Amino acid sequence: EGGIRVPAIAFWPGRIDAGSSCAEPLAFWDWLPTACELAGISKPEDTDGLSFVPTLLGRTSEQLSHPYLFWKYGKKQALRRAHWKFVLNAPQAPPELYDLRTDIGETNNLAGDNPDIVAELNLLMTQASR
């Protein structure tokens, strides 16, 4: 996913089960709330981040999820919600839509076949980029 999908590794003997894994999409901005929870302090109120301590400790049913994730890099924007990834490579560029369940390499643009999903994710992206 072009530098977005990057693994994280955590090691905490006696707390994190060896060999465990998680497919929950988490983001860089989740590290601060996680560190705050581990330190026993409140996270800042002005963060969109979620603590992923429940995932680290194997309590995945307690893990909060992001409704979507949004990134902006220069003029490129991307939004991921569930298995859909919506991409605008420039403000006037045609939209791109990928189903990450079957196309992790983002080779099959499904935007033309899914105008309702494109419209819905474009609205979310517009709101997120404000």
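Conventions and cut-offs
- Residues numbered from 1 in each chain as written.
- Predicted model: local features only at pLDDT ≥ 70, side-chain atom pairs only at ≥ 80, totals over all residues.
- Heavy atoms only, no water.
- Helix = DSSP H or I, 4+ residues; strand = E, 2+ residues; numbered from the N terminus.
- Buried < 20%, exposed > 50% of the residue type's maximum accessible area, 1.4 Å probe, protein only.
- Contact = heavy atoms within 4.5 Å.
- Areas by Shrake-Rupley, 256 points an atom, 1.4 Å probe, with all protein chains shown as cover.
- Lys, Arg positive; Asp, Glu negative; His and termini not counted.
- Charge placed at Lys NZ, Arg CZ, Asp CG, Glu CD.
- Core = buried A, V, L, I, M, F, W, Y, C linked by side-chain atoms within 4.5 Å.
- Salt bridge = Lys/Arg side-chain N within 4 Å of Asp/Glu carboxyl O.
- Pairing = 2+ DSSP bridges.
- Polar contact = N/O pair within 3.5 Å; in protein donor to acceptor, adjacent residues only side chain to side chain.

Moving on, we get to the overall build of the protein chain. Counting secondary structure elements, the protein chain contains three helices and four strands. In the protein chain, the order of α-helices and β-strands from amino to carboxyl end is α-α-β-β-β-β-α. Overall size of the protein chain, expressed as C-alpha extent along the three principal axes, is 50 × 30 × 25 Å. Per-residue burial over the protein chain gives 35% buried out of 130 residues. Restricting the contact set of the protein chain to residue pairs at least 6 apart, pairs at least 24 apart contribute 34%. Of the roughly 8,800 Å² of accessible surface on the protein chain, 54% is carried by carbon and sulfur atoms. Positive and negative side-chain charges in the protein chain, numbering 12 and 16 respectively, have mean positions lying 4 Å apart.

Counting residues in hydrophobic clusters, the biggest one holds 13 residues, and the most contacted among them are Leu 79, Trp 84, Phe 86, Leu 97, Leu 121 and Met 125. Counting only elements with at least two residues in this core, the list comes to β3 (84-88) and α3 (115-128). With five residues, the top contributor of residues to this core is α3. Those residues within four positions of Phe 86 in sequence are excluded, and the remaining contacts are Gln 77, Ala 78, Leu 79, Pro 95, Glu 96, Leu 97, Val 118, Leu 121, Asn 122 and Met 125.

For the coordinates displayed, the defined rule picks out four salt bridges. Arg 59 is the salt-bridge partner of Glu 62, the closest N and O atoms lying 2.9 Å from each other. Relative accessible area serves as the criterion here: at 32%, Arg 59 is assigned to the partly exposed category. Salt-bridge contacts for Arg 101 lead to Asp 99; the nearest nitrogen and oxygen are separated by 2.7 Å.

So, about the pairing of strand β4 (residues 96-99). By the alternation rule, side chains of β4 split into Glu 96 and Tyr 98 and Leu 97 and Asp 99, which are all buried. In the sheet, β3 pairs with β4 via four bridges, with the strands oriented antiparallel. Along β4, the bridge assignment pairs Trp 84 with Asp 99.

Another aspect to go through is unusual backbone geometry. A positive phi angle, close to 55°, is found at Ala 82, a residue other than glycine. Looking at the secondary structure, you find Ala 82 in the loop between β2 (76-81) and β3. Residue Glu 106 is not a glycine yet carries a positive backbone phi of 55°.

Time to look at the side chain of Asp 30. Relative to the elements of secondary structure, Asp 30 occurs in the segment before α1 (31-39). With no salt bridge to any partner, buried Asp 30 finds its closest opposite charge in Lys 43, at an N-O distance of 7.5 Å. A distance of 2.6 Å separates a polar side-chain atom of Asp 30 from the backbone nitrogen of Ala 27. Polar contacts involving the side chain of Asp 30 include one to the main-chain amide nitrogen of Leu 50, which spans 2.7 Å.

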